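Architecture and fold: a report
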Amino acid sequence: MTENLLDKGYDPKAVEFRWYQYWEENNHFAADESSDNPSYSIVIPPPNVTGVLHMGHALNITLQDVLCRYQRLLGANVLWLPGTDHAGIATQNVVERNLAAKGLDRYAMGRDDFIGAVWEWKDKYGSTIINQLKRLGASCDWSRERFTMDEGLSRAVRKVFVALYHEGLIYRGSYIINWCPRCRTALADIEVEHAEHEGRLYHIRYPYVNGEGGPIVATTRPETMLGDTAVAVNPEDERYRDLPDNHVVLPLTGRTIPVIYDDYVDMAFGTGALKITPAHDPNDFVVGERHQLPGIKVIGDDGIMTAEAGAFAGLDRFECRKQVLKALEEQGLLVKVEDHAHSIGHCYRCQTVVEPNLSPQWFVKTRPLAEKAIAAVENNNTRIIPEKWRNDYFLWLENVRDWCISRQIWWGHQIPAWTCTDCGFLVVSEEDPDQCPECKGSALVRDNDVLDTWFSSALWPFSTMGWPDKTPLLGKFYPTSVLVTAFDILFFWVARMMMMGLHFMKDVPFYDVYIHALVRDEEGKKMSKSTGNVIDPIDVIENYGTDALRFTLAAFAAQGRDIKLSEKRIEGYRNFINKIWNSARFAFIHIDKETMPGAQSQRLTLPDRWILSRLRHTADSVAEALDDYRFNEAAGTLYQFVWHEFCDWYLEAAKPALYGKTDEPSRNAAIGTLWRVLHDALILLHPFIPFVTEEIWQKLPGTKGSIMQSHFPGRDPTLPENQKDPAAESDMELVMGIITAVRNIRGEMNISPSVALSVFVLTGDNGTLDKLRDQAGLIRTLARIEAMTLTHSGDKPKASATAIVKNVSVSVLLEGVIDVSKESLRLDKEIAKLDKEINMLSKKLGNNDFVAKAPPDVVSQVRQQHAEHTEKMKKLEKNRQTITELQADRG
RNA sequence: GGGCGGGUAGCUCAGUUGGGAGAGCGGCGGCCUUACAAGCCGUAGGUCACAGGUUCGAGCCCUGUUCCGCCUACCA
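It should be emphasised that the depicted structure is a prediction, and the values quoted were computed from it without experimental measurement.

Within chain A one finds 28 helices and 29 strands. Its C-alpha radius of gyration of 37 Å places chain A more than 25% over the 29 Å reference for a compact globule of 891 residues. Taking the principal axes of its C-alpha atoms as reference, chain A extends roughly 115 × 65 × 55 Å. Expressed as a percentage of its 891 residues, the buried residues of chain A come to 54%. In chain A, once contacts between residues fewer than 6 apart in sequence are set aside, the share between residues at least 24 apart is 77%. If the 100 positive side-chain charges of chain A are averaged to one point and the 122 negative ones to another, these points end up 5 Å apart.

The structure is reproduced here in structure tokens:
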């Protein structure tokens with residue numbers, strides 16, 4: 001026995017940083033552009049550069065890391081390409097806040113200085129999230145880290161923009177868009193979050209020109225009436241067929257506006273009369289275009305009423321609503337106010353109420369691109385897993401509207417478009433132009449807008465690999481193997497990558513899209529800072545270790561269901577990590593460099609053969625599960641195997657041999673088996689819990705290098721060492737059954753574990769008897785039996801508690817140990833239980849339809865079970881009788 | 001308004017071609033047995049939301065009801 005290499009408990013802090021550094025320094029994360037091994041590639045969903053690690057990232061990164069580490073063990077040449085996203089609006093907001101604290105604002109600074117300040121901020125804090133990913137153990141190829149604003153990616157963005165423009169797939173135009181008055185920028189449709197809101201529906205009378213009567217319109221946003229340019233009614237509507245006047249006076253402004261007829265108007269809603277505000281409502285905008293109505297912008301880009309609002313100019317839009325209502329009421333024009341629930345759009349970055357606003361913007365014509373993206377998934381060129389997301393993907397792409405890509409902020413890729421102030425020509429070009437190609441003038445003014453961050457993210461799978469250059473990296477790793485992400489960016493990102501990838505690479509960006517769950521709190525609520533229910537992954541890592549966090553996330557990552565996380569669970573898996581640690585600690589007592597060569601014994605005992613067979617099943621199950629992205633099953637299988645088969649049974653079963661209580665060949669076989677199982681189990685576990693497995697691996701005799709360079713076990717089922725051993729499994733099951741039966745009796749009879757038992761084992765089957773003789777020592781040790789009689793005939797002692805295990809009757813002698821009356825109760829309970837089962841099986845077999853129509857193997861299975869149970873029942877009843885007689889004898 | 005997901009042990013959840021339901025935690029009882037008390041041994045607990053239907057047989061398939069969650073939508 002040697003001095004143990006491992007401390008008594010596993011201390012993650014002591015090892016995590018060390019091994020991460022070791023892996024990085026030895027380039028174990030690096031993809032090899034010249035390798036001939038099969039390629040496997042993943043591009044990371046780039047976290048925001050302003051981001052701080054949350055549980056969603058932790059899950060996302062863990063799953064990707066499991067896949068990458070697994071693939072490396074299979075021998076693949078893995079590229080996991082990391083990076084961050086410049087997150088235009090979010091980052092600009094953060095930096096603006098910082099500046100505001102110093103009394104500065106971007107307008108005062110000017111564009112160049114402001115962008116300089118953002119870069120400064122990025123250089124200082126941009127690596128925060130990257131360092132946090134490293135703490136999770138992410139095995140990304142950091143030598144290839146990219147940023148959406150770096151030079152290469154910016155070149156790709158520009159190339160794509162110009163190409164799409166010249167193909168007619170990007171255009172500029174004045175349309176109504178979603179405007180965030182706080183961020184002061186346009187937003188794409190999906191960047192608006194809708195929330196149900198208890199609002200009011202105001203009924204307002206618009207009098208005819210003569211001041212009399214007039215239609216009543218209903219609106220939830222009275223302040224926009226100042227920009228009304230018509231009242232619309234349905235042409236079918238009897239109520240408005242013969243109006244005394246086809247013009248009304250717009251209250252509070254005195255403007256005269258027409259009554260128009262449009263079948264867009266729903267006669268059933270409100271009064272059937274609709275006010276039309278083309279500049280502040282997307283539907284009104286469309287109606288307005290149809291009728292050539294002007295749009296009057298009464299709400300400014302800052303959310304303040306414009307000069308067009310007349311007396312209300314200068315008021316905040318919400319204050320204006322109050323004032324308008326007050327004025328209308330005074331004039332007796334506010335005829336009714338009703339409660340009305342409706343949904344209101346909010347900016348997804350700052351939650352400000354979004355204002356539909358008319359302004360010149362750039363758009364991507366989405367439909368032609370979307371068609372190809374739909375087809376690729378329909379044809380299974382890209383698989384979406386779980387499949388249920390396919391529908392959402394199709395539905396969204398089929399109904400997608402043009403994508404507003406211009407943002408009125410400064411941080412981002414500035415649009416490569418210039419207008420000639422002399423002739424008005426629009427130049428869109430990859431290179432900054434010196435002169436107008438039309439009039440040769442030099443008065444070119446660049447468009448101030450930048451592109452939506454998602455525009456650059458959409459190119460991520462190929463821009464990060466060097467596109468537009470034809471790089472070896474692209475050749476080797478595009479399309480990527482899988483994209484791992486949560487459903488909340490299926491439309492923002494996944495769909496757009498599909499569109500851009502197919503258009504510019506002529507191939508899908510990924511073969512698989514694995515959509516994982518959202519991480520929620522214990523009550524199922526979305527974790528958010530404002531509700532204060534966030535569990536910070538870094539805190540968890542500090543308290544429980546990275547491996548515990550990773551294993552927890554993987555174990556709960558069932559497809560299609562969100563994860564409700566609580567510390568209690570993490571603690572449970574922390575215990576599992578510790579269990580692994582201690583099993584290794586135990587192994588190291590027995591395995592050392594000197595005994596290793598002698599451990600190759602062929603004289604395997606039953607427990608050796610059993611655990612090796614179970615190991616092979618486990619390796620197969622883990623591989624199958626991971627191949628199908630069933631992370632929770634892989635984790636669960638490993639948990640069950642390591643804890644309940646290896647630790648609970650095998651280690652206990654091997655102890656007598658290991659401690660030299662049997663013979664030398666058995667001891668060597670046990671040491672060899674112990675080594676093999678630990679060795680292979682570490683590899684199987686490594687993708688999930690890289691740190692503790694590396695730490696143990698490094699100390700396990702007979703290994704060299706990193707566990708990352710090892711090979712996934714059991715891949716070739718034709719090799720003899722990968723054969724399963726069903727005979728050993730079934731024999732061991734009998735042995736374990738007998739041991740459990742004795743323990744059960746001990747527990748039920750309240751016999752202290754310290755009391756050694758006498759046991760009488762009876763079986764009519766000589767083959768079984770021989771097997772049990774071979775395992776007698778094992779049974780005696782694990783069940784704490786002092787004297788064990790094994791026989792094929794004879795009567796069991798009367799004063800005993802008996803259990804039936806398969807074709808074996810196991811009797812624990814109670815004389816002198818305990819009162820036999822307890823046994824009578826115990827037997828009653830067991831008989832009742834068995835009786836219920838026999839009844840159920842009899843009923844089945846008595847059903848002619850079942851016997852005739854069910855598959856023969858099912859019927860024979862039920863028959864066999866029925867026979868076995870009946871046999872067992874006979875024995876139990878006999879035992880019951882013996883006990884009853886015994887009780888009677890004793891009066 | 002439309003669509004999707006879920007309701008299984010006290011709690012949190014598994015359950016992959018339909019053959020009579022599992023785990024972890026918690027509970028209860030007993031153990032400091034020389035890897036581990038972050039542990040070991042044993043044990044209780046379920047009309048699988050409700051109602052029908054298909055089937056020899058349904059947690060699983062179909063219909064309806066109900067509750068919860070999410071996504072989506074231009075009825076002001």
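Okay, the sheet that holds strand S18 (residues 417–420) next. Two orientations exist for strands paired in a sheet by backbone hydrogen bonds: parallel and antiparallel. Strand order in the open sheet formed by three strands is S19-S18-S20, with antiparallel pairing between adjacent strands. Of all strands in the sheet, those bounded by a partner on one side alone are strand S19 (426–428) and strand S20 (444–446). The mean inter-strand angle of the sheet, taken between neighbouring strand axes irrespective of direction, is 30°. Relative to the sheet, helix H7 (residues 151–166) contacts S18, S19 and S20, its axis offset from that of S19 by approximately 130°.

Next up on the list: unusual backbone geometry. For the bond from Ile 385 to Pro 386, the omega torsion is -5°, close enough to zero to count as cis. Look at the link from Trp 467 to Pro 468: it is a cis peptide, with omega at 10°. Inspection of the secondary structure assignment puts Pro 468 in the loop between helix H13 (460–463) and helix H14 (472–477). The backbone phi angle of Ala 87 is positive, close to 45°, even though this residue is not glycine. Mapped onto the elements, Ala 87 comes out in the loop between strand S3 (83–84) and helix H3 (88–101). In this structure, Asn 750 is a non-glycine residue whose phi angle is positive, near 55°. Residue class for Asn 750 comes out exposed when judged on its relative accessible area of 58%.

Attention now goes to the sheet that holds strand S9 (residues 230–233). Judged by pairing direction, the sheet is mixed, and its four strands sit side by side in the order S10-S11-S9-S12 without closing on themselves. Since the sheet does not close on itself, it has two edges, and those belong to strand S10 (247–249) and strand S12 (273–276), each with one partner. Sheet twist, expressed as the average angle between the axes of neighbouring strands with direction ignored, equals 30°.

Moving on: the packing of aromatic side chains. Within this structure, the stated rule accounts for 40 aromatic pairs. Where Tyr 70 meets Phe 712, the ring centres are 5.3 Å apart and the plane angle is 80°; that geometry is what we call edge-to-face. Here Tyr 70, found in helix H2 (residues 55–73), pairs with Phe 712, found in the loop between helix H22 (690–699) and helix H23 (726–748); they are 642 residues apart in sequence, far enough to count as distant. Judged on exposure class, the residue Tyr 70 and its partner Phe 712 are both buried. Aromatic rings pair up to connect Phe 551, Phe 556, Tyr 573, Phe 576, Tyr 639, Trp 643 and Phe 688 into one cluster.

Okay, the nonpolar core next. Buried together is how nonpolar side chains tend to be arranged in soluble globular proteins. The biggest cluster of nonpolar side chains holds 210 residues, and the ones touching the most others in it are Tyr 393, Phe 455, Met 500 and Phe 688. With 16 residues, helix H20 (residues 631–658) is the single largest residue contributor to this core. Among the nonpolar cores identified, the runner-up in size contains 28 residues, and Tyr 206, Ala 273, Val 298 and Phe 312 belong to it.

Quick look at the state of the cysteines now. Overall, the coordinates contain zero disulfides when judged by the stated rule. Sulfur of Cys 183: no disulfide; nearest cysteine sulfur belongs to Cys 350 and is 3.7 Å away. Residue Cys 183 is classed as buried on the basis of its relative accessible area of 5%. The thiol sulfur of Cys 404 is not disulfide-bonded, and the nearest other cysteine sulfur, from Cys 347, lies at 13 Å.

Counting across every chain of the model gives 45 salt bridges. One salt bridge in this structure joins Asp 189 and Arg 401, with 3.5 Å as the shortest N-O distance. Of the two residues, Asp 189 is situated in the loop between strand S6 (185–187) and strand S7 (192–205) and Arg 401 in the loop between helix H11 (389–398) and strand S16 (403–404); the sequence distance between them amounts to 212 residues. Residue Arg 401 is classed as exposed on the basis of its relative accessible area, which comes to 56%. Across the pair Lys 771 and Asp 731 runs a salt bridge whose closest N-O atoms are separated by 3.2 Å. Here the residue Lys 771 occupies a position in helix H24 (residues 766–774), and Asp 731 occupies one in helix H23, the gap between them amounting to 40 residues. Its relative accessible area of 43% is what places Lys 771 among the partly exposed residues. Looking at Asp 731, the relative accessible area reads 17%, which means it is buried.

Let us now look at helix H25 (residues 776–783). Considered for burial, the residues of H25 that qualify are Ala 776, Leu 778, Ile 779, Leu 782 and Ala 783. In an axial view of H25, the angular spread of the buried residues amounts to 165°, which keeps them on one side of the axis. The inward-facing, buried residues of H25 contact helix H19 (606–627), H20, H23, strand S26 (757–763), H24 and strand S27 (785–791).

Before going further, it helps to examine H23. Its 23 residues give H23 an end-to-end C-alpha distance of 32 Å, which sits within 8% of 33 Å, the value for a rise of 1.5 Å per residue. One or two steps after H23, the chain reaches Asn 750, where phi turns positive at roughly 55°.

Below, the discussion takes up the packing of helix H10 (residues 367–378) against helix H15 (residues 490–505). Two quantities define a packed helix pair, namely the angle between the axes and the distance from one axis to the other. One can describe the packing of H10 onto H15 by two numbers: an axis separation of 8 Å at closest approach and a directional angle of 95°. By the angle between their directions, the pair H10 and H15 is classed as roughly perpendicular. The residues of H15 that touch H10, namely those facing Leu 369, Ala 370, Lys 372, Ala 373, Ala 376 and Val 377, are Met 498, Met 499, Leu 502 and His 503. Its residues assigned to classes, the contact of H10 with H15 comprises eight nonpolar, one polar and one charged.

Take the confidence of the model for chain A next. In low-pLDDT regions, the fine details of the predicted coordinates are not to be read closely. For chain A, per-residue confidence averages 89 on the pLDDT scale, and 96% of positions sit at 70 or higher. Prediction confidence for the complex, expressed as pTM and ipTM, is 0.91 and 0.94 respectively.

By the element assignment, Asn 766 lies in helix H24. The spatial distance from the C-alpha of Asn 766 to the C-alpha of His 792 is 6.8 Å, given a sequence separation of 26 residues.

Bringing the packing of H10 against H11 into the picture now. Between H10 and H11, the shortest axis-to-axis distance is 9 Å and the interhelical angle comes to 160°. The pairing of H10 with H11 is recorded here as roughly antiparallel in orientation. The element H10 and its partner H11 pack so that their crossing is left-handed. Contacts between H10 and H11 involve Ala 370, Ala 373, Ile 374, Val 377 and Glu 378 from the first element and Arg 390, Tyr 393, Phe 394, Leu 397 and Glu 398 from the second. Of the residues in the contact of H10 with H11, the class split is seven nonpolar, no polar and three charged.

So, how was this worked out
- Residues numbered from 1 in each chain as written.
- Chains lettered and ligands numbered in written order.
- Predicted model: local features only at pLDDT ≥ 70, side-chain atom pairs only at ≥ 80, totals over all residues.
- Heavy atoms only, no water.
- Helix = DSSP H or I, 4+ residues; strand = E, 2+ residues; numbered from the N terminus.
- Rg over C-alpha atoms; globule rule 2.2 N^0.38 Å.
- Buried < 20%, exposed > 50% of the residue type's maximum accessible area, 1.4 Å probe, protein only.
- Contact = heavy atoms within 4.5 Å.
- Lys, Arg positive; Asp, Glu negative; His and termini not counted.
- Charge placed at Lys NZ, Arg CZ, Asp CG, Glu CD.
- Pairing = 2+ DSSP bridges.
- Axes fitted to C-alpha atoms, helices over the stretch in contact; angles between N-to-C directions.
- Phe/Tyr/Trp six-rings, centres within 6.5 Å; stacked < 30°, edge-to-face > 60°.
- Core = buried A, V, L, I, M, F, W, Y, C linked by side-chain atoms within 4.5 Å.
- Disulfide = S-S within 2.5 Å.
- Salt bridge = Lys/Arg side-chain N within 4 Å of Asp/Glu carboxyl O.
- Arc of directions from axis to C-beta.
- Expected span 1.5 Å × (residues − 1).
- Parallel < 35°, antiparallel > 145°, perpendicular 65-115°, else oblique.
- Nonpolar A, V, L, I, M, F, W, Y, C, P; charged D, E, K, R; others polar.
- pLDDT = per-residue confidence, 0-100.
- Left-handed = near helix turned anticlockwise from the far one by under 90°.

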